[in-house]
Amino acid sequence: MDQNRLRIAIQKSGRLSTECQKLLKGCGVKLNLREQRLIAHAENMPIDLLLVRDDDIPGLVMDGVVDLGVVGENVLEETLMERQAQGQSADYSVLKRLDFGGCRLSLAVAQEFDYQGPESLEGKRIATSYPWLLKRYMDRQGVTFKSVMLNGSVEVAPRAGVADAICDLVSTGATLEANGLVETDVIFRSKAVLIQSASTLPTAKQQVIDRLLPRIQGLQQARESKYIMLHAPKDRLEAVINLLPGAERPTIMQLAGESNQVAIHMVSGEDMFWETMEGLKALGASSILVLPIEKMME
Ligand code: ATP
Ligand code: MG
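Attention in this report is confined to the structure presented alongside it. Because the structure is a prediction, the values reported are computed rather than measured.

Let us now look at the coordination of the magnesium ion (ligand 2). The protein atoms donating to the magnesium ion (ligand 2) are Asp54 (OD) and Asp55 (OD), with metal-donor distances spanning 2.0 to 2.1 Å. Residue classification places Asp55 among the partly exposed positions, given a relative accessible area of 38%.

In this model helix α6 (residues 203–224) runs 32 Å from its N-terminal to its C-terminal C-alpha over 22 residues, within 8% of the 32 Å that 1.5 Å per residue would give. Turning to α6, its buried residues are Lys205, Val208, Ile209, Leu212, Ile216, Gly218, Leu219, Gln220 and Ala222.

The next subject is the packing of helix α1 (residues 17–26) against α6. Between α1 and α6, whose axes approach to 9 Å, the crossing angle comes to 110 degrees. If you check the angle between α1 and α6, you find them roughly perpendicular. Side by side, α1 and α6 meet where Glu19, Lys22, Leu23 and Gly26 of the first sit next to Ile216, Leu219 and Arg223 of the second. Tallied by class, the residues present in the contact of α1 with α6 amount to three nonpolar, one polar and three charged.

Counted under the stated rule, the structure contains one aromatic pair. On the basis of an interplanar angle of 50 degrees and a centroid distance of 6.4 Å, the ring pair of Phe113 and Tyr115 is categorised as tilted.

Judged by nonpolar contacts, the single largest core of 33 residues is most densely connected at Leu107, Ile126, Leu134, Met138 and Ile187. Residue assignment for this core shows that the elements contributing at least two residues are β3 (47–52), α2 (57–62), α3 (73–85), β6 (103–110), α4 (131–141), β9 (165–170), β10 (181–190) and β11 (192–197). Counting residues in each nonpolar core, the second largest holds 27 residues, with Leu6, Cys20, Phe100 and Val208 among its members.

Every one of the 16 residues lining ligand 1 counts as a neighbour, but Arg15, Arg53, Asp55, Asn74 and Ser171 are closest to it. A distance of 2.8 Å is found between an oxygen atom of ligand 1 and a backbone nitrogen or oxygen belonging to Arg15. In the environment of ligand 1, an oxygen atom lies 2.7 Å from a nitrogen or oxygen atom belonging to the side chain of Arg53. In the complex, 77% of the free accessible area of ligand 1, which totals 630 Å², lies under the protein chains. A class-by-class count of the residues in the shell around ligand 1 yields five nonpolar, seven polar and four charged.

Judged by pairing direction, the sheet is mixed, and its five strands sit side by side in the order β8-β7-β9-β6-β10 without closing on themselves. At either margin of the open sheet sits one strand with a lone partner, and together these are β8 (146–149) and β10. Each neighbouring strand pair of the sheet contributes to a mean axis angle of 25 degrees, computed without reference to strand direction. The strands that α3 touches are β9 and β10; relative to β10, the one it contacts most, it runs at about 75 degrees. This element, α4, spans β6, β7 (125–128), β8, β9 and β10 of the sheet and lies at about 100 degrees to β10.

Cut-offs and rules
- Residues numbered from 1 in each chain as written.
- Chains lettered and ligands numbered in written order.
- Predicted model: local features only at pLDDT ≥ 70, side-chain atom pairs only at ≥ 80, totals over all residues.
- Heavy atoms only, no water.
- Donors = N, O, S within 2.8 Å, 3.2 Å for Na, K, Ca; no water.
- Buried < 20%, exposed > 50% of the residue type's maximum accessible area, 1.4 Å probe, protein only.
- Helix = DSSP H or I, 4+ residues; strand = E, 2+ residues; numbered from the N terminus.
- Expected span 1.5 Å × (residues − 1).
- Axes fitted to C-alpha atoms, helices over the stretch in contact; angles between N-to-C directions.
- Parallel < 35°, antiparallel > 145°, perpendicular 65-115°, else oblique.
- Contact = heavy atoms within 4.5 Å.
- Nonpolar A, V, L, I, M, F, W, Y, C, P; charged D, E, K, R; others polar.
- Phe/Tyr/Trp six-rings, centres within 6.5 Å; stacked < 30°, edge-to-face > 60°.
- Core = buried A, V, L, I, M, F, W, Y, C linked by side-chain atoms within 4.5 Å.
- Near = heavy atom within 4 Å.
- Polar contact = N/O pair within 3.5 Å; in protein donor to acceptor, adjacent residues only side chain to side chain.
- Areas by Shrake-Rupley, 256 points an atom, 1.4 Å probe, with all protein chains shown as cover.
- Pairing = 2+ DSSP bridges.

Put into structure tokens, the structure is as follows:
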């Protein structure tokens, strides 16, 4: 592998892979992703991608095998605790919390379980893929339990008689419900993060990171922002602007051939709700457009 190319580990296939690829593409990184390949080379920037299982990503970063990685905080924190317990190196830094991969790690029990709080799990068996995160939570609650390590199908463990409760990732709760389980305690909230290895990088690599970060920031900010355009009667201008979400410096332009009408353009960091649009309309505004923004740089 070329030592001057920035190495980034992302999940090969799973819940984070599409978003990771979208993120890199949005940053202008041209990828040639052929299936079944461990490594993909960017065509237009000195970047190599390592496509791996998400569980391997924190270790690859902490061991300095790759420079950057994108992984869920759940996997990151679990790996961190495990490595610290085993005396392995566990240094890294978080470059950016990303706006995808949101989920929570929760305790859940069967619907018929008489749950009165974590103490109801005293001495019980809990199936999980996150024994360290679970233990930290239960230690804080002062509850002892038996951990049943499962790397998949955790949600069927109670019905299969393998465990009394589970500790698993939840996003909508549909999987829990489908398995007759009820969520009882949220023990960890997670999003995907971009992390960097602790080793000092050669200038060339650092320069690539310095270019990527503002781009990621620009993409996230754009996703949260809207471009708003509308026409408004001049004499209601103040009332109209007061209704606009986060209007700091709107552009106001005279409409050709309409002495009492102006066009207002602005970038808003908030979404515009139908109710606001109806309010604007009631003030005499018209041609109200809310547009998505693809990229932005301040
Ligand atoms: P791999 O084969 O790479 O090990 P995996 O099966 O362990 O994949 P995925 O199910 O693809 O992992 O989830 C990857 C990450 O996506 C999780 O660790 C978590 O951070 C995040 N995630 C977001 N929502 C959910 C969810 N509802 N269930 C599970 N993970 C979720
Ligand atoms: Mg995994």
